[in-house]
Amino acid sequence: MTDRDEVRAQYATEGNLLTRQSVWQPAEDGRDPTEIALAVVRASAPADILEIGCGTGAFAARIAQARPGAALLATDQSPRFVELTAARGVEARVADATELPFEDDAFDLVAAMWMLYHVPDLDRTLAEVRRVLRPGGRFLAVTNGDEHVADLRREGGDGPVVTQFSSQNGEDALRRHFDVVRREDVRPRAVFPDHAAAVAYLESSREDIAWDLPAFEGPRTYLGEGTVFVAS
Ligand SMILES: C[S@@+](CC[C@H](N)C(=O)[O-])C[C@H]1O[C@@H](n2cnc3c(N)ncnc32)[C@H](O)[C@@H]1O
């Protein structure tokens, strides 16, 4: 989904995002994309940090804990999400990632967690991130792959979601703007307590799809697919 109006409608309020986030558990081997991303922040020891597409501010709040001395600014296109992030005590403002209202070389770490698949112009956004990063700065970008809950989507009557910035194509996109790109791939687990929770997850994306997930009893687990990219 990259249409600005659809993205604005999806993230005008937090309900759908919280429904989706509530099901995620680490991979079977214990690895978790958010924890891997936080480890990158700790290891980089950045002084000036920008998050774009911060959502409700959960990751920004974790950064603030991990790097209490750093200057942290969280941004999102959604006024409601900026309000929720500020309520966590994080400095937050409305900003469009395709047109960052910051000077060149202003940050030494920029984070984009599960948001680059939504921007209307991916290359322009990546060029903006490159511009506001200092030489030697790091770009942390986390995203999903084509097989993300794809089995659930197939059983529900549709297929995988293929986006403009995924585990499959994200590295090539980053290499157009950055010299070095590292990646760590993870298969987190979506754990649904029951059939209704799985349907609620599918419906939360507000895609124009009449989901028809066959009934099942008890809990069920589906695999996600995610990648943590670090570009510099
Ligand atoms: C899937 S949510 C992820 C939110 C948060 N990063 C997280 O991991 O929970 C995508 C976020 O990107 C934001 N977003 C989408 N397009 C944007 C744009 N062009 N500029 C800034 N934020 C954008 C949405 O408002 C939403 O908060």
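Residues numbered from 1 in each chain as written. Predicted model: local features only at pLDDT ≥ 70, side-chain atom pairs only at ≥ 80, totals over all residues. Heavy atoms only, no water.

## So, the overall build of the protein
Here is the rule: Secondary structure is summarised from DSSP: a helix means a run of H or I of at least four residues, a strand means a run of E of at least two, and numbering begins at the N terminus for each. Taken over C-alpha atoms, the radius of gyration is set against a globule rule of 2.2 Å times the number of residues to the power 0.38. The buried label goes to any residue with under 20% of its type's maximum accessible area, the exposed label to any with over 50%, and the partly exposed label to all in between, with areas taken from a 1.4 Å probe on protein chains only.
If you tally the helices and strands in the protein, you get nine helices and ten strands. The C-alpha atoms of the protein give a radius of gyration of 17 Å, which matches the 17 Å a tight globule of 232 residues would have. The dimensions of the protein, computed from C-alpha atoms along their principal axes, are 55 × 35 × 30 Å. For the protein, the proportion of its 232 residues judged to be buried stands at 47%.

## Here's the deal with the nonpolar core
Formally: For this analysis, a nonpolar core means a set of buried residues of the types Ala, Val, Leu, Ile, Met, Phe, Trp, Tyr and Cys, connected via side-chain atoms within 4.5 Å. Residues count as neighbours in contact if any of their non-hydrogen atoms are within 4.5 Å of one another.
Core analysis: the biggest nonpolar cluster contains 26 residues, and Leu-50, Ile-52, Val-110, Leu-116, Phe-139, Phe-165 and Leu-174 have the highest contact counts within it. Of all elements in the fold, only strand 2 (48-52), strand 5 (107-113), helix 6 (122-132), strand 6 (133-144), helix 8 (170-175) and strand 10 (226-231) reach the threshold of two or more residues within this core. Look past the residues within four positions of Leu-174 in its chain and what remains in contact with it is Leu-126, Phe-139, Phe-165, Val-181, Phe-229 and Ala-231.

## Regarding the environment of Asp-3
Spelled out, the test is: A 3.5 Å cut-off defines polar contacts: any pair of N or O atoms within that distance qualifies, except that in protein one atom must be a possible hydrogen donor and the other a possible acceptor, and neighbouring residues in sequence count only when both atoms are side-chain atoms.
As for its position among the elements, Asp-3 is in the segment before helix 1 (4-10). Residues Asp-3 and Val-119, 116 residues apart in the sequence, show an inter-C-alpha distance of 8.1 Å. A distance of 3.2 Å separates the side chain of Asp-3 from the backbone nitrogen of Asp-5, its partner in a polar contact. A distance of 3.0 Å separates the side chain of Asp-3 from the backbone nitrogen of Glu-6, its partner in a polar contact.

## Describing the UniProt feature "domain: Methyltransferase type" (unreviewed entry) in the protein
Definition in use: UniProt positions are given in the numbering used here, feature names are shortened, and annotations may be inferred rather than shown by experiment.
The positions UniProt marks with the feature "domain: Methyltransferase type" (unreviewed entry) are residues 50-140. Its end C-alpha atoms 10 Å apart, residues 50-140 is made of 31% helix and 30% strand.

## A closer look at helix 9 (residues 195-204)
Along helix 9, the residues that are buried comprise Ala-198, Val-199, Tyr-201, Leu-202 and Ser-204. For helix 9, the secondary structure elements touched by its buried residues are helix 1, helix 2 (15-21), strand 1 (24-25), helix 7 (150-155) and strand 8 (189-192). Looking one or two places after helix 9, you find Arg-206, whose phi comes out positive at around 55°.

## Let's talk about the sheet that holds strand 5
Note the threshold: Between any two strands, pairing holds if DSSP finds at least two bridges. Axes, fitted as lines to C-alpha atoms, cover a helix only where it is in contact. Angles between the N-to-C directions of the axes lie from 0 to 180 degrees.
Spatial strand order, 4-3-2-5-6-10-7: seven strands in an open sheet with mixed pairing. Looking at strand neighbours, the two that pair on one side only are strand 4 (92-94) and strand 7 (181-186), the edges of this open sheet. For this sheet, the mean inter-axis angle between neighbouring strands, taken without regard to orientation, is 15°. Of the strand pairs in this sheet, strand 6 and strand 10 are connected by six bridges, and their pairing is antiparallel. Pairing of Asn-144 across the sheet is with Gly-226, part of strand 10. Here helix 3 (residues 33-44) sits on the sheet in contact with strand 5, strand 6, strand 7 and strand 10, set at roughly 170° to strand 6. The sheet contacts of helix 4 (residues 58-66) involve strand 2, strand 3 (71-76), strand 5 and strand 6, and relative to strand 3 the element is tilted by about 175°.

## Observations regarding the sheet that holds strand 1
As summarised here, the arrangement of the three strands in space is 1-8-9, forming an open sheet in which the pairing is antiparallel. Taken across any chain shown, the strands that pair with only one partner, and hence form the sheet edges, are strand 1 and strand 9 (220-223). Where strand 1 meets strand 8, two bridges bridge the pair, whose relative direction is antiparallel. Note that in strand 8 the partner of Gln-25 across the bridge is Arg-189.

## Things to note about the packing of helix 3 against helix 4
Helix packing geometry: the angle between the two helix axes and the distance between the axes. Stated formally: Orientation labels follow simple angle bins: below 35 degrees gives roughly parallel, above 145 gives roughly antiparallel, 65 to 115 gives roughly perpendicular, and whatever is left gives oblique. Take the far helix as your reference; a near helix turned counterclockwise from it by less than a right angle gives a left-handed crossing, and one turned clockwise gives a right-handed crossing. Three categories are distinguished: nonpolar for Ala, Val, Leu, Ile, Met, Phe, Trp, Tyr, Cys and Pro, charged for Asp, Glu, Lys and Arg, and polar for the others, with Gly belonging to the last.
As a packed pair, helix 3 and helix 4 sit with axes 10 Å apart at the nearest point and diverge in direction by 40°. The pairing of helix 3 with helix 4 is recorded here as oblique in orientation. For the element pair helix 3 and helix 4, the recorded crossing hand is right-handed. Contacts between helix 3 and helix 4 involve Thr-34, Glu-35, Ala-37, Leu-38, Val-41 and Arg-42 from the former and Phe-59, Arg-62, Ile-63 and Ala-66 from the latter. In terms of residue class, the contact of helix 3 with helix 4 is built from six nonpolar, one polar and three charged.

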